Amino acid sequence: ARVYDYKSEKDCDRHVQIFKKCIRSVRDVSPTHGFAALKVTALGNPELLERMSTVIVEVKNLFSKFDRKGTGLICREDFIHCYEK
């Protein structure tokens, strides 16, 4: 994977403003079918983004284990059952 240099929070904040402007421009041109692609590595430190991505995947996996009925909900009993394992 390609690694990008992280320069500063100031650069990331500037990129956020550019992204917002792009999204608004797409909305203004095509309010119902617009599409904007954003490169999230421009929003922050790539190492932090990678770690956060790993956290999200692991939390999703843990939730799936606790959601024994596959309903997308975890009741107290499911939580206790899985926690005590």
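Residues numbered from 1 in each chain as written. Predicted model: local features only at pLDDT ≥ 70, side-chain atom pairs only at ≥ 80, totals over all residues. Heavy atoms only, no water.

Asker: Summarise the overall build of the protein chain; cite the residues concerned and give the values.
Answerer: In terms of regular secondary structure, the protein chain is built from three helices and zero strands. Along the chain direction, N to C, the helices and strands of the protein chain fall in the order α-α-α. On C-alpha atoms alone, the protein chain measures out to a radius of gyration of 19 Å, which is more than a quarter above the 12 Å that the 2.2 N^0.38 rule sets for 85 residues. By its C-alpha atoms, the protein chain is 50 × 35 × 25 Å across when sized along the principal axes. (Helix = DSSP H or I, 4+ residues; strand = E, 2+ residues; numbered from the N terminus. Rg over C-alpha atoms; globule rule 2.2 N^0.38 Å.)

Asker: Tell me about the packing of aromatic side chains, and please be specific about residues and values.
Answerer: Taken as a whole and judged by the stated rule, the model has two aromatic pairs. With a centroid separation of 5.3 Å and 50 degrees between ring planes, the pair formed by Phe66 and Phe79 is classed as tilted. Here the residue Phe66 occupies a position in helix 2 (residues 46-66), and Phe79 occupies one in helix 3 (residues 76-84), the gap between them amounting to 13 residues. For Phe79, a relative accessible area of 41% gives the class partly exposed. (Phe/Tyr/Trp six-rings, centres within 6.5 Å; stacked < 30°, edge-to-face > 60°. Buried < 20%, exposed > 50% of the residue type's maximum accessible area, 1.4 Å probe, protein only.)

Asker: Just give me the short version of the environment of Val29, but keep the residues and values in it.
Answerer: Mapped onto the secondary structure, Val29 falls in helix 1 (residues 9-29). Taking relative accessible area as the criterion, Val29 reaches 72% and is therefore assigned exposed. Linking Val29 and Gly72, residues 43 residues apart in sequence, is a C-alpha distance of 37 Å.

Asker: So, the pattern of salt bridges: which residues are in play, and what are the values?
Answerer: Considering all chains together, one arrives at four salt bridges under this definition. Across the pair Asp28 and Arg27 runs a salt bridge, and its minimum N-O distance is 3.2 Å. A relative accessible area of 46% places Arg27 in the partly exposed class. Between Lys69 and Asp78 there is a salt bridge; the shortest N-O distance is 3.5 Å. Overall, the relative accessible area of 58% leaves Lys69 in the exposed class. Taken together, the shared-partner salt bridges in this structure form one network comprising Arg68, Lys69 and Asp78. (Salt bridge = Lys/Arg side-chain N within 4 Å of Asp/Glu carboxyl O.)

Asker: Please provide a residue-by-residue account of the side chain of Asp78, values included.
Answerer: By secondary structure assignment, the location of Asp78 is in helix 3. Taking the relative accessible area as the measure of exposure, Asp78 reaches 2% and is therefore buried. If we skip the residues at most four places from it in the chain, Asp78 touches Phe66, Arg68, Lys69 and Leu73. (Contact = heavy atoms within 4.5 Å.)

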